[in-house]
Amino acid sequence: MSSGTSTSKQTSRLQWRVIDIVTAAVLGVACGLIFWVWNTVGYAGFKAFDALTPGLGGLFTGVWFLGGVLGGLIIRKPGAAVFVEVIAASVSALIGSQWGIETLYSGLAQGLGAELVFLAFAYRRFSLTVAALAGIGSAVGAFILELFTSGNLAMSLAFNVIYLVCMAISGVVLAGVLSYWLVKALAKTGALDRFAAGRERFQTA
């Protein structure tokens, strides 16, 4: 195979199709509705655990990272994680989020965190490990943003360490592992047959 043909296939693999855009938008809206519910349910858990030990509330943050990881695993194109997470954050904010416009900043930071992990693997690997790392990346993105927007920079080192670790754990479980198995479940239904994530079930059968 010539280098020109190889480069052409690589470019084609990373190019967005109309179906990618539509699916990413639908995923973003769906995740936005989940975020909207979690804004009440998850935040209540966040506050309760934070009252027990400051920073422990981070265990409830992973659901808010779901969009970026899920988008990256399904679309598998540059920008997918950011696109889906920002759409989700926008939907959450429009429906009614207690954080207002800051929800969009969070979506961007969380999406970028996941995006950088998929980029590090050149959009070629989408294993459970990569999904978990993307969940951690999203958590780190959120953590860095909150250092400045939520005043966490003025908090103690102990609080920030506990908070970051809890966010990372939540990112692994509620964003990484959950997204990975959601993609597997969707693939089995045939809903993802027009995506590499769906065609893999035939290759491993």
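Heads up: the structure comes first, above all this text.
Being a predicted model, the structure only gives us computed values, none of them experimental.

It is worth spelling out helix H7 (residues 157-189) at this point. Counted at 1.5 Å a residue, the expected span for H7 with its 33 residues is 48 Å, and the 47 Å between its end C-alpha atoms agrees. Gly190, located one to two residues past H7, shows a positive phi value of around 90°.

Before going further, it helps to examine the side chain of Glu115. Turning to its location among the elements, Glu115 is positioned in helix H5 (residues 102-120). One buried charged residue, Glu115, remains without a salt bridge, the closest side chain of opposite sign being Arg13 at 11 Å. Within the local environment of Glu115, its side chain forms a polar contact with the backbone nitrogen of Ala81, the two atoms lying 3.0 Å apart. Those residues in contact with Glu115, other than ones at most four positions away along the chain, are Lys77, Pro78, Gly79, Ala80, Ala81, Val82 and Tyr123.

Taking burial as the measure, the 10 residues of helix H3 (residues 66-75) include 10 buried ones, the bulk of the element. Two residues or fewer after H3 comes Arg76, characterised by a positive phi angle close to 60°.

The subject of this paragraph is the packing of aromatic side chains. Taken as a whole and assessed by the stated rule, the structure comprises 11 aromatic pairs. Summarising the aromatic geometry, the rings of Phe46 and Tyr163 are spaced 6.2 Å apart at their centres and angled 85° between planes, so their arrangement reads as edge-to-face. Placement of the pair is Phe46 in helix H2 (residues 18-52) and Tyr163 in helix H7, with a sequence separation of 117 residues. Exposure class is identical for Phe46 and Tyr163. Each is buried. Ring geometry for Trp64 versus Trp99: centroids 5.8 Å apart, planes at 90°, classification edge-to-face. Linking Trp64 in the loop between H2 and H3 with Trp99 in the loop between helix H4 (80-96) and H5, this pair joins segments that are 35 residues apart in sequence. Aromatic ring contacts, followed pair by pair, group Tyr43, Phe46, Trp64, Trp99, Phe143, Phe159 and Tyr163 into a single cluster. Geometry around Phe195 places Arg17 over its ring, the cationic atom sitting 5.3 Å from the centre.

Rules of the game
- Residues numbered from 1 in each chain as written.
- Predicted model: local features only at pLDDT ≥ 70, side-chain atom pairs only at ≥ 80, totals over all residues.
- Heavy atoms only, no water.
- Helix = DSSP H or I, 4+ residues; strand = E, 2+ residues; numbered from the N terminus.
- Expected span 1.5 Å × (residues − 1).
- Buried < 20%, exposed > 50% of the residue type's maximum accessible area, 1.4 Å probe, protein only.
- Lys, Arg positive; Asp, Glu negative; His and termini not counted.
- Salt bridge = Lys/Arg side-chain N within 4 Å of Asp/Glu carboxyl O.
- Polar contact = N/O pair within 3.5 Å; in protein donor to acceptor, adjacent residues only side chain to side chain.
- Contact = heavy atoms within 4.5 Å.
- Phe/Tyr/Trp six-rings, centres within 6.5 Å; stacked < 30°, edge-to-face > 60°.
- Lys NZ or Arg CZ within 6 Å of the ring centre and 35° of its normal.

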